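Architecture at a glance
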Amino acid sequence: KSDITDVIMVSAMGPPGGGRTFITERLKRHYSTLAYSEFQDESITQIFRTICEFFYQSFDEGVRELIPQAITSTLRVFKQSLQDLLPTP
């Protein structure tokens, strides 16, 4: 017999359709459901800026000054992937 303790499971999914299937109630009962609307670019930028400034606070100034460019680039790649990587019907 195995005893599993102190486990945190995190998962994410989009709405069903386009190759994504429905999740059964039996599985969903183990999770808390969180939904959000689309964020504006300014909101996403602020979230990433806050996380990056905290994480990189001990890094060299040369690295920290690249944070705005990294966030802008990440946002561009994300937006382009939304256009290019459409769900499979």
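Residues numbered from 1 in each chain as written. Predicted model: local features only at pLDDT ≥ 70, side-chain atom pairs only at ≥ 80, totals over all residues. Heavy atoms only, no water.

So, on to the overall build of the protein chain. Each helix and strand counted, the protein chain has four helices and zero strands in total. Put simply, the protein chain runs from its N terminus to its C terminus through helices and strands in the order α-α-α-α. The C-alpha radius of gyration of the protein chain comes to 18 Å, more than 25% above the 12 Å expected for a compact globule of 89 residues. In terms of principal-axis extent, the alpha carbons of the protein chain reach across some 50 × 40 × 20 Å. Out of the 89 residues in the protein chain, the part that is buried amounts to 7%. Charge separation in the protein chain, taken as the distance between the mean sites of 9 positive and 11 negative side-chain charges, equals 11 Å. (Helix = DSSP H or I, 4+ residues; strand = E, 2+ residues; numbered from the N terminus. Rg over C-alpha atoms; globule rule 2.2 N^0.38 Å. Buried < 20%, exposed > 50% of the residue type's maximum accessible area, 1.4 Å probe, protein only. Lys, Arg positive; Asp, Glu negative; His and termini not counted. Charge placed at Lys NZ, Arg CZ, Asp CG, Glu CD.)

This next bit is on the pattern of salt bridges. Under the definition given, this model contains three salt bridges. Between Arg 64 and Glu 61 there is a salt bridge, with its nearest N and O atoms 2.5 Å apart. Of this pair, Arg 64 and Glu 61 are both found in helix α3 (residues 61-64), three residues apart, which corresponds to roughly one turn of the helix. With relative accessibility at 29%, the residue Arg 64 sits in the partly exposed group. You can call Glu 61 partly exposed: its relative accessible area is 42%. (Salt bridge = Lys/Arg side-chain N within 4 Å of Asp/Glu carboxyl O.)

Two numbers describe a pair of aromatic rings. These are the distance of the centres and the angle of the planes. This model, assessed by the stated rule, comprises three aromatic pairs. A ring pair is formed by Phe 55 and Tyr 56, whose centres lie 5.0 Å apart and whose planes are at 90 degrees; its orientation type is edge-to-face. Phe 55 sits in the exposed class, given a relative accessible area of 52%. Since its relative accessible area comes to 25%, Tyr 56 is described here as partly exposed. With 4.9 Å between their ring centres and 75 degrees between their planes, Tyr 56 and Phe 59 make a pair best called edge-to-face. Its relative accessible area of 35% is what places Phe 59 among the partly exposed residues. Grouping aromatic residues by their ring pairs yields a cluster made of Phe 55, Tyr 56 and Phe 59. (Phe/Tyr/Trp six-rings, centres within 6.5 Å; stacked < 30°, edge-to-face > 60°.)

These figures capture arrangement, not role.
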